[in-house]
Amino acid sequence: MKLFNPLLCAMLALLGLGLGLGASAHTVLEYQVATAGQSYKATFKVGHGCGASPTRQIVVDIPAGVQGAKPMPKAGWRLEVTRDKLAQPYTSHGRNITEDVTRISWTAKTVEDMLPSGHYDEFVLVGTLPGQSGMMYWPVQQVCEQGRNDWTEVPKPGQKLSDLKSPAAALELMPSAAAAGHAH
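Keep in mind it's a predicted model, so treat the numbers as computed, not measured. (Residues numbered from 1 in each chain as written. Predicted model: local features only at pLDDT ≥ 70, side-chain atom pairs only at ≥ 80, totals over all residues. Heavy atoms only, no water.)

1. Side note on the pattern of salt bridges
- Evaluated as defined, the whole model comprises four salt bridges.
- For the salt bridge of D121 with K74, the shortest nitrogen-to-oxygen distance reads 3.0 Å. Here the residue D121 occupies a position in strand β8 (residues 121-128), and K74 occupies one in the loop between β5 (67-71) and β6 (77-92), the gap between them amounting to 47 residues.
- Between R83 and E99 there is a salt bridge, and its shortest N-O distance comes to 3.3 Å. In this pair, R83 is assigned in strand β6 and E99 in strand β7 (residues 95-108), connecting sequence segments 16 residues apart.
- Look at E99 and you get partly exposed, because its relative accessible area is 30%. (Salt bridge = Lys/Arg side-chain N within 4 Å of Asp/Glu carboxyl O. Helix = DSSP H or I, 4+ residues; strand = E, 2+ residues; numbered from the N terminus. Buried < 20%, exposed > 50% of the residue type's maximum accessible area, 1.4 Å probe, protein only.)

As structure tokens, then:
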């Protein structure tokens, strides 16, 4: 019987890393790696309020290069979508796109709809990722009945995300098989 299984050890290490990220209590993405140039479902995990105060609003700034962002409605929460003119228009489904979504916010309609600090919830949107691989950061503002948490810090060169007090949600974009020159 083989007692040391490298694959099992690697899987357990990744599981431990994932649990550590969730325990950090920051607003993070459920899936933190995606393929550049592909459609992506961004699920923002919110695990607490501001101290004991419930969350009444989540605001996500859409990173540059993300196209066609669309939010998932939540019962009891009002959606607001902000669109701005693009410096560089693009074509999608045969149409020239000159403005796109730059911010999405979910706001609780009533006090009863707010997310209690002791509970967990997810806020979801979809969009198409830019074609360039690398790190992408999603600033998230968490506004509570009393106070706020701005998860907006981005690491400077040589700095780790774990060094930051209020890090933005991080997404690593991997090259697509087409960009890497693979053909099937």
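2. Considerations on the sheet that holds β5
- Strand order in the open sheet made by the four strands is β1-β3-β8-β5, with antiparallel pairing throughout. The open sheet is flanked by β1 (28-29) and β5, the only strands paired with a single partner.
- Looking at chain direction, β1 and strand β3 (residues 39-46) are connected through two bridges and run antiparallel. Looking across to β3, one finds that V28 is bridged to K45. (Pairing = 2+ DSSP bridges.)

3. Observations regarding the side chain of S105
- Position of S105 relative to the elements: it lies in strand β7.
- Ignoring anything within four residues of it in the chain, the contact list for S105 reads Q57, I58, V59, R78, L79 and E80. (Contact = heavy atoms within 4.5 Å.)

4. A short note on the nonpolar core
- Among the nonpolar cores identified, the biggest contains 29 residues, and F44, V60, I62, L125, L129, W138 and L171 are the most heavily contacted of them.
- Those elements that provide at least two residues to this core are β3, β4 (55-61), β7, β8, β9 (134-138) and β12 (169-174). (Core = buried A, V, L, I, M, F, W, Y, C linked by side-chain atoms within 4.5 Å.)

5. Focus on the layout of surface pockets
- Of the volumes computed, that of the second largest pocket is approximately 390 Å³.
- Along the walls of the second largest pocket sit 19 residues, with Q67, G68, K70, Y90 and S92 positioned nearest its centre.
- At the level of secondary structure, the elements contributing two or more residues to the lining of the second largest pocket comprise β5, β6, β7 and β8.
- The greatest single-element share of the lining of the second largest pocket, amounting to seven residues, is contributed by β7.
- Of the residues belonging to the lining of the second largest pocket, the class tally is five nonpolar, nine polar and five charged. (1 Å grid on protein atoms, 1.4 Å probe; cavity = no way out; pocket = protein on both sides within 12 Å on 5 of 7 lines; lining within 4 Å. Points joined across faces, edges and corners; volume = space filled by probe spheres on them. Nonpolar A, V, L, I, M, F, W, Y, C, P; charged D, E, K, R; others polar.)

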